Every structure is written in C-alpha cells, then in structure tokens.
Amino acid sequence: MSTERVLNFGAGPSALPLSVLEEAQKGLVNFNGTGIGIAEISHRSKEFQAFLDDFEKNIRTQLGVPPTHRILFTQGGGTSQFSAVVLNLLARHRLLHPTATAEETVLDYVVTGSWSKKAAEEARRLAAGNATVRTVVDSRVYSKDGKSFDNIPPHAEFTFSDDPALIYYCENETVDGVEFSHDPQSPASFPFHLLKRDALVPLVADYSSSFMCRPIPHLADHAVIYAGAQKNIGPAGLTILIVRQDCIVDVDAAAKLGVTPVPLILSYKTLADSGSLYNTPSVLPIYMAGLVLQRMKEKGGLPYYEETNRRKAQKLYAIIHEGEQKGVFRRKVQQGSESWMNAVFEVLGEGAEKKFLEGAEKEGMKGLKGHRSVCVRVSLYNAVTEEEVDKLIAYMTRFLGES
C-alpha cells in the first residue's frame, strides 16, 4: 500500500492542506497543550470555547460579516438547511403576517442545478398547506437541450414575488458546474438589483461549494447564508450559518399562530441563544476548519485566494477550450456560467473518458470521475494548489496530443 499522497481533485469531502492535516494530527493527541486530544475534550471547556470564539472571529473578519448578522455552527450538512431555512423563515413570516393565508405566503426558488432543485422539492414537502412554493426561474428552460442545468438565465427572466417569505438560490451548483458570476456586470451574476431595496429581503443562499474561496457579493443583503465545510475549509460534519438578526425568531410563538413547529435543533434561535452549543457540536471538524481559517489568514486571506482561484480556473478552462477546438473535449456548461470550483466536461469518443481517467490516476491524480449525471469533474477548492492544477493541465495537454 502506497504511503505517498496523490493529487485530490475530488468534489467533497475535498482536499485539505497538508500542513493542516499534520497540525490536526498533533491536536488529536494533545489539543493546545491541554494534554487531552481534540476528539476527547469537553466542548464546554474554556480551551475549546476560546478556539470556537477565535474561529468565529476569523470568519467574521475575513468575510466582512457585519454586526447585523450572527455566525452559527451546526451539523447536518447543507442538506439539513433545505429544511431549516423553510421552517425558520416561515415562522418569521407568520410573526410578521399573522393572518396570511397559504396563497399569500410565498417561497421563491431560483432553480439552476441539482441542489437548488432538491431544496425546492423539500420546501414543497414542508410547506404543503402552509405556503406556496414558486419557481422564480428554471435554468433548464434556457439550456441547449431543454433539460440540462447548463446555464444561469438572463436577468430579464427573473420575476420575484412582492413579499415572499424567502428567496432561495444556490451560488455554485457542485454537480452541474454552474455558478452565479461575482462580476456585477456579467449577465450570469445574481440580479440583486431586482430585489426590493426598502425592506429586509429574506434572501437565502447556499454557498457550500464556494464558501471562503472569495468574498461574497452583497453579503449584508442576505438573510441567511449557509455552507457545508467539506469543500473549502474542513472535513464533513460542520455546517456554518450566517443569519441576519431579524431571522432569529421565537419559533414557538410562531407555532401558536399555526405555522409548522420547528424542531429545536433546527431553530436558529436555539443555536444563537446557546452560542452554537445547544448539543455537542462537531468538535473535530470545527478544530480542523479553524486551523484552515488561521492558515488562510496567514497567507493573505480572501484577496490571496480569490486571485489564486481565478488563475486556476482560467488555466483549466483554457485547456478545456483547446480540447473543444480539437474535438476531444466538450464543456457541459454554457460559457459565462462556469464554476470556478467545479469544472465539468466530456471526453469525446468511445472509451475516451475511461482512458483519460485511467491515465490521470496512473499519474497520481484522483477524484476526477464526476457525479453520475456528469462525466469528468475537476474540483479546484482552496487546498488544491496552482502547481497541482498545472500538473493536471500538463497531463491534459499530453492527452490532447495523443488523441
């Protein structure tokens, strides 16, 4: 069995910096000089509480999270938030509109890929009888084949409800390789200008696949931002929430007005009131994510990672484009809507994809086989270095020369 590390381009759980893994190895035996391993220490100990406080401060400082928003830590991955955002924001809406009918209580969903589609399906399941789930736009309508998630629709196609209980979008669709551009001039950016500017808009965003890879546009305009840690900043088991204060509501009071009761473990108020320690948190994932955030700070924070990630994506899409010109590769996403973090493409020809993947693995590159609904997927998360991307591109260049 080989003891050498390979190049990990997997979509998640994803690569982590070797220096962090080595430091975490020490912490498993002795956390911060306590003589107790991080997997053994009490989550209510002063040492862990201090670490948790520093972790939160690091996120707030690097992302520029304003004091109007709380940073909370929970479990269940991004998928648990498909349910939590619906229940918490329906409770908020009922407290604001006690007599609103199901027809008057609208949940707006922007559907641009597999994850936002799943989120909308969960909303319909939970909101039945209490609210109406409405599709703002479905990008499949604008796809090349009329059924794929391969684009971000034009701004003119977005129509938001007048007073929705929430507006939901997924910033980066990991499976499909589709992403809202962060360039405000791009037609593939999120249409923030179409939102009401004179109200606290209940805007919800799933940032699981791009959290901490670059700044978040209009962060303060969001009601809830959530992210599973297992893409850019840690192992699976930790979910990070950024919740605007007005969305941390008394869910029991809302239940008395007829809205669906919120399980305490999903209640944002429960998490906020307990300092994210209502139950035992994901201690080890928090520790490792905290180490990653500290390393990010030392390397220059988000400006450094934004520029590095931009270069990695540009290099990769350039070689994919070259492969398209030669009839070897075919991109799965329309130009302008491609993800920085997850590039998906086909290798054309019978047996060509198998040959490509086997050749990459022989050169120590793993995790390139995409989701069952795509072909090749290259994930370029923060821990994937520019040098590692260059090695992949060199292999792709050789592959093109041999095809």
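Residues numbered from 1 in each chain as written. Predicted model: local features only at pLDDT ≥ 70, side-chain atom pairs only at ≥ 80, totals over all residues. Heavy atoms only, no water.

The name given to the protein in an unreviewed UniProt entry is phosphoserine transaminase, and the organism recorded there is Lentinus tigrinus ALCF2SS1-6. Recorded in UniProt for the protein, the comment headed Catalytic activity (unreviewed entry) runs: "O-phospho-L-serine + 2-oxoglutarate = 3-phosphooxypyruvate + L-glutamate". (UniProt positions renumbered as here; feature names shortened; annotations may be inferred.)

J.: Could you clarify how one ought to interpret the sheet that holds strand β14 (residues 376-379) in this entry?
T.: Strand pairing within a sheet occurs via backbone hydrogen bonds; the two strands may be parallel or antiparallel. A sheet is described by the order of its strands in space; here 3 strands give the open sequence β11-β12-β14, paired in antiparallel fashion. Edge positions in the sheet fall to β11 (329-331) and β14, since each of these pairs with one other strand and no more. Strand-to-strand twist in this sheet, taken as the mean axis angle between neighbours without regard to direction, amounts to 35°. Pairing geometry for strand β12 (residues 342-347) and β14, over 4 bridges, is antiparallel. By the bridge assignment, Ala343 is partnered in β14 with Val378. Sheet contacts for helix α8 (residues 301-325): β11, β12 and β14; angle to β11, the most-contacted strand, approximately 120°. Contacts between helix α10 (residues 386-402) and the sheet are confined to β11, β12 and β14, with β11 contributing the most and set at about 125° to the helix. (Pairing = 2+ DSSP bridges. Helix = DSSP H or I, 4+ residues; strand = E, 2+ residues; numbered from the N terminus. Axes fitted to C-alpha atoms, helices over the stretch in contact; angles between N-to-C directions. Contact = heavy atoms within 4.5 Å.)

J.: Got a minute to help me understand the packing of aromatic side chains in this structure?
T.: For any pair of aromatic rings, the description consists of the separation of the ring centres together with the inter-plane angle of the planes. For the coordinates displayed, the defined rule picks out 22 aromatic pairs. Summarising the aromatic geometry, the rings of Phe55 and Phe73 are spaced 5.0 Å apart at their centres and angled 15° between planes, so their arrangement reads as stacked. Separated by 18 residues along the polypeptide, Phe55 in helix α2 (residues 46-63) and Phe73 in strand β2 (residues 69-74) bring together distant segments of the chain. Judged by its relative accessible area of 2%, Phe55 is buried. (Phe/Tyr/Trp six-rings, centres within 6.5 Å; stacked < 30°, edge-to-face > 60°. Buried < 20%, exposed > 50% of the residue type's maximum accessible area, 1.4 Å probe, protein only.)

J.: Where do I start with unusual backbone geometry in this structure?
T.: If a residue is not glycine, its phi is most likely negative; likewise, a peptide bond is most likely trans. Following Gly12, the chain continues to Pro13 via a peptide bond in cis, the omega torsion being 0°. Examined against the element boundaries, Pro13 turns out to sit in the loop between β1 (7-8) and α1 (18-29). A positive phi is found at Asn32, a non-glycine position, where the angle reads about 50°. With relative accessibility at 53%, the residue Asn32 sits in the exposed group. Backbone geometry at His218 places phi at a positive 55°, although glycine is not the residue there. What makes His218 partly exposed here is its relative accessible area of 41%.

J.: I tried to follow the pairing of strand β5 (residues 166-170) on my own but got confused; where do I start?
T.: Consecutive residues of a regular strand have side chains that alternate between opposite faces of the sheet. Burial runs high along β5: 5 of the 5 residues are buried. The alternating pattern of β5 places Leu166, Tyr168 and Cys170 on one face and Ile167 and Tyr169 on the opposite face, and all of these are buried. As judged from the 3 bridges shared by strand β3 (residues 106-111) and β5, these two strands associate in the parallel manner. Following the sheet pairing, Tyr109 is matched in β5 by Tyr168. Sheet topology places β5 next to strand β8 (residues 203-206); 4 bridges connect them, and they run parallel.

J.: Explain the nonpolar core here, please?
T.: Generally speaking, a soluble globular protein has its nonpolar side chains buried in company with each other. Core analysis: the largest hydrophobic core is formed by 58 residues, its most contacted members being Leu63, Phe211 and Ile233. Examining the composition of this core, we find that 9 residues originate from one element, helix α7 (residues 283-299), more than from any other. For this core, the domains that each give at least three residues are domain 1 (46-296) and domain 2 (301-402). In contact with Phe211, other than residues within four places in its own chain, are Ile59, Leu63, Ile216, Ala227, Asn232, Ile233, Ile240 and Ile242. If you look at the next biggest cluster of nonpolar residues, it comprises 39 residues, including Ala127, Val133, Ala165 and Val262. (Core = buried A, V, L, I, M, F, W, Y, C linked by side-chain atoms within 4.5 Å. Domains from an automatic or database assignment.)

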